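What follows is each chain in one-letter form.
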Amino acid sequence: MSVPAALSNLRLPLIGSPLFIISNPELVIAQCKAGVVGSFPSLNARPLSQLDEWLDQITSELDSHNKANPDRPAAPFAVNQIVHKTNNRLEEDLELCVKYKAPLVITSLGARTEVNDAVHSYGGIVMHDIINVVFAHKALEKGADGLIAVCSGAGGHAGTLSPFALIQEIRQFFDGPLALSGAIANGGAIAAAQAMGADFGYMGSAFIACDEANAVDGYKDMIVDSKAGDIVYSNLFTGVHGNYLAPSIAAAGLDVNDLPESDPSKMNFGSGGNQKSKAWKDIWGCGQGIGAVQKRMTTAEFVDKLEREYLDAIAALQRHEAFSPAG
């Protein structure tokens with residue numbers, strides 16, 4: 001499998017997924033300093049001028065960290081671009097990614113050659129998130145360097161396929177960078193993602209409970225208190241199916257057992273999404289893996305925990321290899 005040099009020296013093979021509203025410079029910088037890729041949606045920075053400020057802050061602080069810690073440099077950061085036609089900020093946001101040479105750009109909800117070309121112009125990498133092999137082929141045809149398999153159980157706009165099914169099919173035609181998203185919330189899950197053929201785990205929901213995340217205390221506490229059974233899969237809030245915390249839906253006065261279907265044509269990401277639905281602000285997105293989140297902590301503490309769990313899982317797999325199949 002081929003992994004770009006920029007992504008080959010991570011402390012853990014982990015990409016922190018971009019979280020709408022939640023991911024801010026403080027979280028991204030903390031993730032990168034801890035040795036995992038930190039990312040944020042460009043639309044989190046509003047107005048547009050704030051995106052310039054955020055990218056300046058992130059690049060400056062990571063550069064300073066790297067100069068002070070040459071033996072343990074920060075991981076690269078990533079910017080998420082929603083390339084859906086309703087995103088009326090895409091061109092301007094992309095210009096800022098080029099200006100600051102964002103090492104990794106994560107594209108969502110569509111694949112566009114001109115976006116990939118712009119990132120490649122300065123040596124950046126593009127990874128596109130997909131929910132099936134049809135979208136995977138389209139992304140690669142448009143010039144994406146890597147794929148993010150968004151499988152069943154993932155937070156936000158999740159797919160419905162098992163990671164075992166999707167990863168094995170992708171690996172039949174693609175040998176490049178591949179991340180797996182879907183209920184990954186501890187170090188063992190990162191190791192499992194690699195065991196089945198992915199290069200990286202892709203983790204979002206578990207980071208919401210970290211101190212640096214831009215989430216209200218009620219959201220963070222609900223992450224800690226909830227389990228997989230508290231997740232509801234619905235397209236009501238954005239027009240795209242996604243996973244949400246049932247208690248937040250109930251708190252908004254909706255019946256979690258009788259949610260209507262939304263018309264996908266109502267999907268809208270103009271300058272930040274469909275605010276009428278209050279998705280992500282009042283209705284809280286979350287994946288099924290949060291049963292692993294037992295308490296709130298700093299990002300550094302959480303990544304330390306993930307590393308211990310990851311190394312323990314690798315050691316356990318090596319012990320299993322000592323046993324030959326009967327025959």
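Quick summary incoming for the structure in this document. Everything numeric here is computed off the predicted structure, so don't read it as measured data.

Turning our eyes to something else, we now look at the overall build of the chain. A count of helical and extended segments in the chain gives 10 helices and 10 strands. The burial tally for the chain puts 53% of its 327 residues in the buried class. Per element, the accessible surface of the chain, about 14200 Å² overall, is 51% carbon and sulfur. Put simply, the chain has 24 plus and 36 minus side-chain charges, and the middle of one group is 2 Å from the middle of the other.

This part takes up the packing of aromatic side chains. The way to describe two aromatic rings as a pair is by their centre distance and the angle between their planes. A full pass over the atoms with the stated rule returns four aromatic pairs. Ring geometry for F207 and F302: centres 5.2 Å apart, planes at 90 degrees, overall edge-to-face. Residue F207 is located in the loop between strand 8 (200-203) and helix 8 (217-225), and its partner F302 is located in helix 10 (residues 299-321); the two are separated by 95 residues in the primary sequence. The exposure class assigned to F302 is buried, which follows from its relative accessible area of 5%. Both rings, one in Y219 and one in W284, keep their centres 4.7 Å apart while their planes meet at 10 degrees; by these two values the pair is stacked. Within this pair, whereas Y219 is found in helix 8, its partner W284 is found in the loop between helix 9 (246-251) and helix 10, the two being separated by 65 residues in sequence. Of the two residues, Y219 and W284, both sit in the buried class.

A few words now on the pattern of salt bridges. For the structure shown, the criterion picks out nine salt bridges. Across the pair R11 and D304 runs a salt bridge, and its minimum N-O distance is 2.6 Å. Residue R11 is found in the segment before strand 1 (14-16), and its partner D304 is found in helix 10; the two are separated by 293 residues along the sequence. Owing to a relative accessible area of 31%, D304 belongs among the partly exposed residues under this scheme.

The next thing to look at is helix 5 (residues 133-141). The distance from a side-chain oxygen at the start of helix 5 to the backbone nitrogen of V134 is 3.1 Å, and the residue carrying that oxygen is N132. In the stretch just after helix 5, G143 is the one whose phi turns positive, near 110 degrees.

At the junction of R46 and P47, the peptide bond is cis and its omega measures out at 5 degrees in the coordinates. By secondary structure assignment, the location of P47 is in the loop between strand 2 (38-41) and helix 2 (48-68). Despite not being glycine, K101 shows a phi value in the positive range, around 50 degrees. Positionally, K101 belongs in the loop between helix 3 (90-100) and strand 4 (104-108). Despite not being glycine, L109 has its phi angle at roughly 55 degrees, a positive value. Looking at where L109 falls in the secondary structure, it is placed in the loop between strand 4 and helix 4 (113-120).

Attention now moves to the side chain of N116. In this fold, N116 is placed in helix 4. Among the residues examined, N116 registers a relative accessible area of 3% and is labelled buried. At 2.8 Å, the side chain of N116 forms a polar contact with the backbone oxygen of K142. The contact partners of N116, leaving out residues within four places of it in the chain, are V126, K142, G143 and A144.

Looking now at the packing of helix 1 (residues 25-34) against helix 2. Direction vectors running N to C along helix 1 and helix 2 enclose 25 degrees, while the axes themselves pass 10 Å from each other. Relative to helix 2, the element helix 1 lies roughly parallel. For the crossing formed where helix 1 meets helix 2, the hand is right-handed. Along the contact surface, helix 1 presents P25, E26, V28, I29, C32 and K33, while helix 2 presents W54, Q57, I58, E61, L62 and H65. Split by residue class, the contact of helix 1 with helix 2 holds seven nonpolar, two polar and three charged.

Reading the values: the criteria
Residues numbered from 1 in each chain as written. Predicted model: local features only at pLDDT ≥ 70, side-chain atom pairs only at ≥ 80, totals over all residues. Heavy atoms only, no water. Helix = DSSP H or I, 4+ residues; strand = E, 2+ residues; numbered from the N terminus. Buried < 20%, exposed > 50% of the residue type's maximum accessible area, 1.4 Å probe, protein only. Areas by Shrake-Rupley, 256 points an atom, 1.4 Å probe, with all protein chains shown as cover. Lys, Arg positive; Asp, Glu negative; His and termini not counted. Charge placed at Lys NZ, Arg CZ, Asp CG, Glu CD. Phe/Tyr/Trp six-rings, centres within 6.5 Å; stacked < 30°, edge-to-face > 60°. Salt bridge = Lys/Arg side-chain N within 4 Å of Asp/Glu carboxyl O. Polar contact = N/O pair within 3.5 Å; in protein donor to acceptor, adjacent residues only side chain to side chain. Contact = heavy atoms within 4.5 Å. Axes fitted to C-alpha atoms, helices over the stretch in contact; angles between N-to-C directions. Parallel < 35°, antiparallel > 145°, perpendicular 65-115°, else oblique. Left-handed = near helix turned anticlockwise from the far one by under 90°. Nonpolar A, V, L, I, M, F, W, Y, C, P; charged D, E, K, R; others polar.

Keep in mind these numbers describe shape, not what the thing actually does.
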